[in-house]
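One-letter residues, chain by chain:
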Amino acid sequence: MGSRPVIPLRPLGLGDVLGGAFTVFRRNARVLLLWSVLLSGVLGLLATLVSTFGQRAVQSRMFAAVEGGGSGADSIMAGSVTLWIVLSVGLPFLAYLGRGFLVAPVAADTGQRILGRRATFRGLWALLAGRRWSVVAWILVQLAAGVVIGVLFLVVLIGFTGALAAGNSGIGGFVLAILGMGLGFGVLLVWLGTKFAFTVPTIALEGRPVFQAAAQSWRLTRGAFWRTFGIVLLVQAMFGFAVSIASFPLTIGAVLVGGTFDPLGQTGASSGVGAGGVVAIVVGSLLAIAVQCITDVLSASVLTLLAVDRRIRTEALDQRIAAHLETGQPSDPFAPAPQVARPPWPGQPGAGQGQAWPGQAWPGQAWPGQPGQAAPGQGQAWPGQPGQAAPGQPQPPEWGGAPGRYPPDGRP
């Protein structure tokens, strides 16, 4: 027996998206947190602890090499710098891969919850069969694109610097050039990130290959860029604030362990500070990772529901889900489908009176105010209300079928 679907079958507002994300998490918290801990929490905790304590050890080694001098000082310095780069970049890179992949199982679980079903840990892994490597490939494509954009930024920066130097521009010109280029590349990254935000949810739900999923994300955000960007920004700001509060003990511990108050170890208080810093690091890391695991799941679910909302508005996904819940067909309502030209949802800006979505009306059903139709209360009901179909005509799908049963045919 399934449970009640987490969203209504209509275009979703901000409240529907946030409420649906929290409902998805609440109904399957144990499974989703297990995924989050394995993919985001463990790697994030290792990256935090190893980078913090490792950088402290590298710093001490470099100071010892400088003070000792000798022929091997240069080799020690080079090795220390290399180790510092690995600790600072390599481990956070692995943590990024884990957090990027986490979107896929959360998207799969969100899709099951929309259908009123409950997924297990193994069930989510099975749902992603044939789609896991596509998710990994997309993450690698993003990283490669980031490297290309970074190299392009450096090339443009060097070119601007050379031009300004040749023109004998002052320091103000250099600062303005760097700020302008940084802003321009930042806008480019935000724009691309928003346009391709639905790629991983599309891979997980529709099973499209990498570049087809990216093209689908591009289409879904067409005409809804600012709405998508605004909601994602709002969610990231809220969750980021929560993580920053939880990370406060971690920040204090990193400051103490890093020797910020005593960088050269001249005060003789390093031993006491070190013990307190270690405790703050461990406690702060656990608290921050716990909050981060929760917010990662919620963020991925919000992203999936935004993608579903766009498919409802452009592909009539709501009708396919309703038909699936009522009759079992189509067997996979999230499968790729052609776009459907639909006017604005009634009650939304731009929706005219008496205007129904194509394919939304059932036999004997029409919106009030259409030619030949009676007004409400005069033998004609609004769509979705009992009695809207003519006698002898099939009734529209109704949520739940028998009381307390979702979906109606009792599928798990």
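Everything below is about the structure printed above this text.
A few points on the structure. These figures come from a predicted structure and were not determined experimentally.

## Structural notes on the overall build of the protein
Then, number 1: Helix and strand counts for the protein stand at 12 helices and 0 strands.
Then, number 2: Listing the helices and strands of the protein from first to last along the sequence gives α-α-α-α-α-α-α-α-α-α-α-α.
Then, number 3: Expressed as a percentage of its 412 residues, the buried residues of the protein come to 38%.
Then, number 4: Pairs at least 24 apart in sequence give 70% of the contacts found in the protein among residues at least 6 apart.
Then, number 5: On the protein, roughly 21,000 Å² of surface is accessible, and the fraction owed to carbon and sulfur atoms is 69%.

## Details of the packing of aromatic side chains
What characterises a pair of aromatic rings is the spacing of the ring centres plus the angle enclosed by the ring planes.
Then, number 1: Applying the stated criterion to the full structure yields 9 aromatic pairs.
Then, number 2: Considering the side-chain rings of W35 and F121, the 4.4 Å spacing of their centres and the 20° angle between planes classify their relative orientation as stacked. Here W35 is found in helix α2 (residues 29-68), whereas its partner F121 is found in helix α4 (residues 121-127), with 86 residues between them in sequence.
Then, number 3: According to the relative accessible area criterion, F121 is partly exposed, its value standing at 28%.
Then, number 4: Pairing F153 with F185 gives two aromatic rings, centres 5.0 Å apart and planes at 90°, and the pair type is edge-to-face.

## Section: helix α8 (residues 210-220)
Each turn of an α-helix holds 3.6 residues, which means side chains three or four residues apart point in the same direction.
Then, number 1: Regarding α8, the residues found buried are V210, A213, A214, Q216, S217 and L220. Burial along α8 is one-sided: seen end-on, the buried residues are contained in an arc of 160°.

## Looking at unusual backbone geometry
Then, number 1: Between Q329 and the following residue, P330, the backbone shows a cis peptide bond with an omega angle of 0°.
Then, number 2: Inspection of the secondary structure puts P330 in the segment after α12 (317-327).
Then, number 3: Residues other than glycine seldom take positive phi values, yet A316 does so here, at roughly 55°.

## Topic: the packing of helix α5 (residues 132-166) against helix α7 (residues 199-206)
Then, number 1: Packing of α5 against α7 leaves a shortest axis separation of 10 Å and a crossing angle of 170°. Between α5 and α7, the crossing angle belongs to the class labelled roughly antiparallel. Here S134, V135 and W138 of α5 come into contact with α7, specifically with T199, V200 and I203.
Then, number 2: For the contact of α5 with α7, the residue count by class is 4 nonpolar, 2 polar and no charged.

## Considerations on the side chain of R208
Then, number 1: Mapped onto the elements of the fold, R208 is located in the loop between α7 and α8.
Then, number 2: With relative accessibility at 11%, the residue R208 sits in the buried group.
Then, number 3: A distance of 2.5 Å separates the side chain of R208 from the side chain of E206, its partner in a polar contact.
Then, number 4: In this structure, R208 is in contact with T202, I203, A213, Q216, R219, P336 and A337, ignoring residues within four places of it in sequence.

## As for the environment of V235
Then, number 1: Looking at the element boundaries, V235 is found in helix α9 (residues 225-246).
Then, number 2: In the structure, V235 is positioned 60 residues away from T295 in sequence and 9.3 Å away in space, judged by C-alpha atoms.
Then, number 3: When residues no more than four places from it in sequence are discounted, the contact partners of V235 are L18, S299 and V302.

## Notes on the side chain of T199
Then, number 1: Looking at the element boundaries, T199 is found in helix α7.
Then, number 2: At 2.9 Å, the side chain of T199 forms a polar contact with the backbone oxygen of F196.

## With respect to helix α1 (residues 14-27)
Then, number 1: Taking 1.5 Å of rise per residue, 14 residues should cover 20 Å, and α1 covers 20 Å from first to last C-alpha, within 8% of that figure.
Then, number 2: Three or more residues of α1 are buried, namely V17, L18, G20, A21, T23, V24 and F25.

## Brief notes about the pattern of salt bridges
Then, number 1: Taken as a whole and judged by the stated rule, the model has 8 salt bridges.
Then, number 2: Across the salt bridge formed by E206 and R208, the nearest N and O atoms sit 2.5 Å from each other.
Then, number 3: For D309, the salt bridge identified is with R227, shortest N-O distance 3.0 Å. Taken together, the positions of D309 in helix α11 (residues 270-315) and R227 in helix α9 put the pair 82 residues apart, joining distant regions of the chain.
Then, number 4: A residue is classified by how much of its surface remains accessible, and R227, at 32% relative accessible area, is partly exposed.
Then, number 5: Put simply, E206, R208, R311, E315 and R320 are held in one network by salt bridges that share partners.

## Let's talk about a nonpolar patch on the surface
Then, number 1: A surface patch of nonpolar side chains, amounting to about 450 Å² of accessible area, comprises L34, V37, L38, V42, L46 and V50.
Then, number 2: Relative to the helices and strands, L34 resides in helix α2.
Then, number 3: For L34, a relative accessible area of 40% puts it in the partly exposed group.

## As for the environment of T110
Then, number 1: Mapped onto the secondary structure, T110 falls in helix α3 (residues 73-114).
Then, number 2: Taking the relative accessible area as the measure of exposure, T110 reaches 0% and is therefore buried.
Then, number 3: Sequence-wise, T110 and P5 are 105 residues apart; in three dimensions their C-alpha atoms are separated by 9.8 Å.
Then, number 4: Apart from residues no more than four positions distant in its own chain, T110 is found in contact with V24, S301, T304 and L305.

Definitions and limits used
- Residues numbered from 1 in each chain as written.
- Predicted model: local features only at pLDDT ≥ 70, side-chain atom pairs only at ≥ 80, totals over all residues.
- Heavy atoms only, no water.
- Helix = DSSP H or I, 4+ residues; strand = E, 2+ residues; numbered from the N terminus.
- Buried < 20%, exposed > 50% of the residue type's maximum accessible area, 1.4 Å probe, protein only.
- Contact = heavy atoms within 4.5 Å.
- Areas by Shrake-Rupley, 256 points an atom, 1.4 Å probe, with all protein chains shown as cover.
- Phe/Tyr/Trp six-rings, centres within 6.5 Å; stacked < 30°, edge-to-face > 60°.
- Arc of directions from axis to C-beta.
- Axes fitted to C-alpha atoms, helices over the stretch in contact; angles between N-to-C directions.
- Parallel < 35°, antiparallel > 145°, perpendicular 65-115°, else oblique.
- Nonpolar A, V, L, I, M, F, W, Y, C, P; charged D, E, K, R; others polar.
- Polar contact = N/O pair within 3.5 Å; in protein donor to acceptor, adjacent residues only side chain to side chain.
- Expected span 1.5 Å × (residues − 1).
- Salt bridge = Lys/Arg side-chain N within 4 Å of Asp/Glu carboxyl O.
- Patch = residues over 30% accessible without salt bridge, like charges linked within 9 Å, V, L, I, M, F, W, Y side chains within 5 Å.

Function-wise, these values are silent; they only describe arrangement.
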